[in-house]
Each structure stands twice: as structure tokens, then as C-alpha cells.
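Single-letter residue listing:
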Amino acid sequence: GASKQDVREKVWDYLEASGLAAFPRPVHRRIPNFQGSHQACCSIKELDVFIRAREIKVDPDKPLEGVRLAALQARKTLLVPTPRLRTGLFNRIVPPSGATKEILRICATSQGIKEYSVPVGLDGKARVDLVVVGSVAVSEKGWRIGKGEGYADMEYAMMVSMGAVQEDTPVITIVHDCQVVDIAEELLDDHDLTVDYVLTPTRTIKTNCKRPKPQGIIWHKATQKSYEMLEKIPILNSLRYREKQTGKDVTLQDERSDLANATTPAALNEAAMAENTRPQAAMGSAQAGQHYAESDSLSPRLGGSGMITTVYVGNIPPSVRVSELKCALREFHATPLRLNWQGAQHRAFLDYKDKATAESAVSSLKGLSLGGNTLRVELAKNQRNKG
């Protein structure tokens, strides 16, 4: 009857008590680093799946540093998830021209990831041939337990959704021998990532795991933790919006309950709002050469004595209508006081009541893609006081 957390605590406690834990310490609440991690990482170079891979995604955890170094030394494209996905999905590590062995070692560290990387967004056309993740515990059958925050599972699901991985893309984890334990199958959920290879300092285990890997983000099973992730991860919001545009049902668990219990006035108000945007969208499209501004009826009218702060939205494709941008702004909880649509110039300006609200909107909209373009979203250069 052990829970996932019971398994984690047992592994963490054993690593610390047995002297196997390595920096950073304590290993509790982390993907634990361990004595012999570099040796375990080096064995990946003997695997055909590594030799054949051109593009490899490796988590930023300390015990995987040796894999990142091996990928760089083999001149493979190395993708590392952005910490907690705050500013995007991946960073691509780009060593300087003619990098020495020492520079490559630095590139493989957390500091190197910051200094020698460029961001890769949802439109980055990543095609990952091999995925390497950290684990707290793993079974010989390929069932994996992470540290409990769900980022590795979420990253993989996002890669599926953006087409970066296929059903047969192999997944490897690097652990100490003591982290290979029996895991009850009933502990696994549909969103849990399984692994195909387990590398330890002494063994290479091919799991032959038949359990399907996540087939994308399962929106309707989203829990409170998922809501918190949506708040913290702008690119996850972008992906949800993108999937909604393709017709996929992205209704979250709690939203289903809310819809079932919705009161008629609220539902009518939302329907009326959707209806009101249609003529405006047509006008914005038909009169492309003209500027088009409106106050959004979901927000308070302009007025008062506050300092209005403006956000610039650029790189808007000609095919995108103002209604699509407004829909995205609502989706990301970034509805402005006023929207100034300049479709002919492929841009728009959004007015917010103060700088804090504007900066929050910029953060929420970062990585947003419309019509195939990733929009440029930033505070406008010349802030205007329209109080």
C-alpha cells in the first residue's frame, strides 16, 4: 500500500544514510545526484539509440550533466527544458565556435545552460530523437516516479502536442542502482511517463515497457496542480489556446463543473459578448488600412487618474482578425482596458490600468502564437499617460 511519496522518501533517506548522495544536498525533494552518476551517464554512449540520435532532450538535473556533455562532445543538438518552463519550453545549447573540452563541460552545467543557450518555442520545429529524464525511483519494467512536481510528464506531453516526439521516441533515465525498485502498477496514472532504458553505474536495463506513453496533455483530467501550472507557465497557456483553435476539447476538469452549474445570465452574457465581436472583426478585416480601437466590455472603461501602461503586440499575420486576438486575451486572462488594432501594420496596442497589470499581461502572453507566427509582446517604448 505504499504511495509514490512513500517510495520517494525511502529512496531519498537511503541515499543520504548510505553516503551515496552527492551535491546538491540534501537530495530530498530533488532528482537526486549520486556517487557514480558520471559513470552511469557515460554508458549512454554505447547505446545505438544515442549513436543514431541527432537531437536529444536532456533534463537540467545535476545527475544528468554527463549525458549533456556526451551529447555536446558528439556534436548532437542538445535541448534542455527551461527551468519550471517559466520562459518557454526548451533552450538549445549552442557552444561557441571552436569550443574546448573545458568550455563544453561548462556548457553541460546549469551555469552553461544559462550562458550558452537560445530559446526554442512552440514554433521551433524541434524533432527530438531521444529523451533523457531524471527519476527518484524506477522499476525494471520502466515505471518511473519523479520528484512529484510533474514537470517531466508535462514536458513530454507538450512535446507530443507540438509534434517533437513520436510514439517510438526512446526515453532513458539515469539512476543509482538503489533507485531501481519494485513499483506497483496501480500507482501509475495516464499522464505518467515510462522509460525504455535505465542506466546505473553497473547496469544497462532495457525495460521493453509496453505501457503507452502520454499522448499529449489530458486537459479534462487537469487537477488543481494543473491550474497552478497554467498560471505559472505561459507557454502551456499558448499550447492550450493553439489546441483549442484546432478544435480539440481543452476544457479543464473544474471548468466542466462550472459549465454544468452555469447560471443563465452569465451564459447569456458570454454569448452576447461573442456575438458582439463578430461585426467588429469583419470591419477590422475589411478596412485593413484603418486603425480600429475599442474598449472591451469585459473590463472597466478607461477613466480615473491611474497611469495607463501600454503593451505592444507585433508580428501579427495578415490573416489574423481582431476577434482572434481578443479571444486569446480573454483565454490568457490578459484583457486590456482598451485595444488599438492596427492590422495593416501587423500590430496592436493594449492599454492596462497600471504597469504591474501590463507586465503581468506580457508574462502571460509570452510565447503566444496566432496564425502560425509567435507574437512579439512587450511594453511599448513610449508609455502614455491617458488618465
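These lines cover the structure that appears in this document, whether it is placed above or below. (Residues numbered from 1 in each chain as written. Predicted model: local features only at pLDDT ≥ 70, side-chain atom pairs only at ≥ 80, totals over all residues. Heavy atoms only, no water.)

What to know about the pairing of strand β2 (residues 77-81)
Step number 1: Within β2, four of the five residues are buried, leaving the element largely enclosed by the surrounding structure.
Step number 2: Relative to β2, strand β1 (residues 55-58) runs parallel, the two being bridged by three bridges. Within β2, the residue paired with Lys57 across the bridge is Leu79.
Step number 3: One crossover worth recording links β1 to the parallel β2 by way of helix α4 (residues 65-73), and it is right-handed.
Step number 4: Across four bridges, the pairing between β2 and strand β3 (residues 90-93) is antiparallel. Along β3, the bridge assignment pairs Leu79 with Arg92. (Buried < 20%, exposed > 50% of the residue type's maximum accessible area, 1.4 Å probe, protein only. Helix = DSSP H or I, 4+ residues; strand = E, 2+ residues; numbered from the N terminus. Pairing = 2+ DSSP bridges. Right-handed = clockwise from strand over helix to strand, strands pointing away.)

Some words on the pairing of strand β5 (residues 130-134)
Step number 1: The buried fraction of β5 amounts to five of the five residues, a majority that puts the element mostly inside the structure.
Step number 2: Neither face of β5 is exposed, since Leu130, Val132 and Gly134 on one face and Val131 and Val133 on the opposite face are all buried.
Step number 3: In the sheet, β1 pairs with β5 via three bridges, with the strands oriented parallel. Following the sheet pairing, Val58 is matched in β5 by Val132.
Step number 4: Across four bridges, the pairing between β5 and strand β8 (residues 171-174) is parallel.

Observations concerning the packing of aromatic side chains
Step number 1: Counted according to the given criterion, the structure contains one aromatic pair.
Step number 2: The lysine or arginine in question, Lys76, covers the ring of Phe50, its NZ or CZ lying 5.0 Å from the ring centre. (Phe/Tyr/Trp six-rings, centres within 6.5 Å; stacked < 30°, edge-to-face > 60°. Lys NZ or Arg CZ within 6 Å of the ring centre and 35° of its normal.)

What to know about the environment of Leu20
Step number 1: Within the secondary structure, Leu20 sits in the loop between α1 (4-17) and α2 (37-42).
Step number 2: The contacts of Leu20, once residues within four sequence positions are left out, are Tyr14, Leu15, Asn33, Phe34, Gln35, His176 and Cys178. (Contact = heavy atoms within 4.5 Å.)

Notes on unusual backbone geometry
Step number 1: Along the chain, Phe23 connects to Pro24 via a cis peptide bond; the corresponding omega equals 0°.
Step number 2: Along the polypeptide, Pro24 turns up in the loop between α1 and α2.
Step number 3: In the segment running from Arg25 into Pro26, the intervening peptide bond is cis, with an omega of -15°.
Step number 4: The phi dihedral of Arg75 is positive, around 60°, even though this residue is not glycine.
Step number 5: Considering the arrangement of structural elements, one finds Arg75 in the loop between α4 and β2.
Step number 6: When its relative accessible area of 65% is taken as the criterion, Arg75 is described as exposed.
Step number 7: A positive phi angle, close to 65°, is found at Asn315, a residue other than glycine.
Step number 8: When you line up the elements, Asn315 lands in the loop between β12 (309-314) and α12 (322-331).
Step number 9: Of the residues examined, Asn315 reaches a relative accessible area of 40% and is grouped as partly exposed.

Some points on the packing of helix α7 (residues 151-161) against helix α9 (residues 234-245)
Step number 1: For the pair α7 and α9, interaxial distance at closest approach is 11 Å and the crossing angle is 35°. In this structure, α7 crosses over α9, and the sense of that crossing is left-handed. Facing α7, whose interface residues are Met154, Met158 and Ser161, α9 presents Ile235, Leu236, Leu239 and Glu243.
Step number 2: Residue classes in the contact of α7 with α9 are distributed as five nonpolar, one polar and one charged. (Axes fitted to C-alpha atoms, helices over the stretch in contact; angles between N-to-C directions. Left-handed = near helix turned anticlockwise from the far one by under 90°. Nonpolar A, V, L, I, M, F, W, Y, C, P; charged D, E, K, R; others polar.)

Looking at the side chain of Ser135
Step number 1: Its location among the elements puts Ser135 in the loop between β5 and β6 (137-138).
Step number 2: Not counting the four nearest positions on each side in its chain, Ser135 is found in contact with Ile31, Pro32, Arg144, Ile145, Thr173, Val175 and Gln179.

Remarks on the packing of α9 against α12
Helix-helix packing is described using two parameters, namely the angle between the two axes and the distance between the axes.
Step number 1: Where α9 meets α12, the axes come as close as 11 Å, and the angle between the chain directions of the two elements is 135°. For the element pair α9 / α12, the angle class is oblique. The hand of the α9/α12 crossing is right-handed. Contacts from Arg240, Tyr241, Lys244 and Gln245 of α9 reach α12 at Glu324, Cys327, Ala328 and Glu331.
Step number 2: Looking at side-chain class alone, the contact of α9 with α12 contains three nonpolar, one polar and four charged residues. (Parallel < 35°, antiparallel > 145°, perpendicular 65-115°, else oblique.)

Description of the pattern of salt bridges
Step number 1: This structure, assessed with the given rule, holds 12 salt bridges.
Step number 2: Across the pair Lys57 and Asp59 runs a salt bridge whose closest N-O atoms are separated by 2.7 Å.
Step number 3: Since its relative accessible area comes to 0%, Lys57 is described here as buried.
Step number 4: Its salt-bridge partner being Arg203, residue Glu140 comes within 2.9 Å of it at the nearest N-O pair. With Glu140 in the loop between β6 and β7 (144-145) and Arg203 in the loop between β9 (197-199) and β10 (204-206), the pair connects residues that are 63 residues apart, well separated along the chain.
Step number 5: Exposure remark for Arg203: the relative accessible area of 33% places this residue in the partly exposed category. (Salt bridge = Lys/Arg side-chain N within 4 Å of Asp/Glu carboxyl O.)

Any functional reading would require information that these geometric values do not contain.
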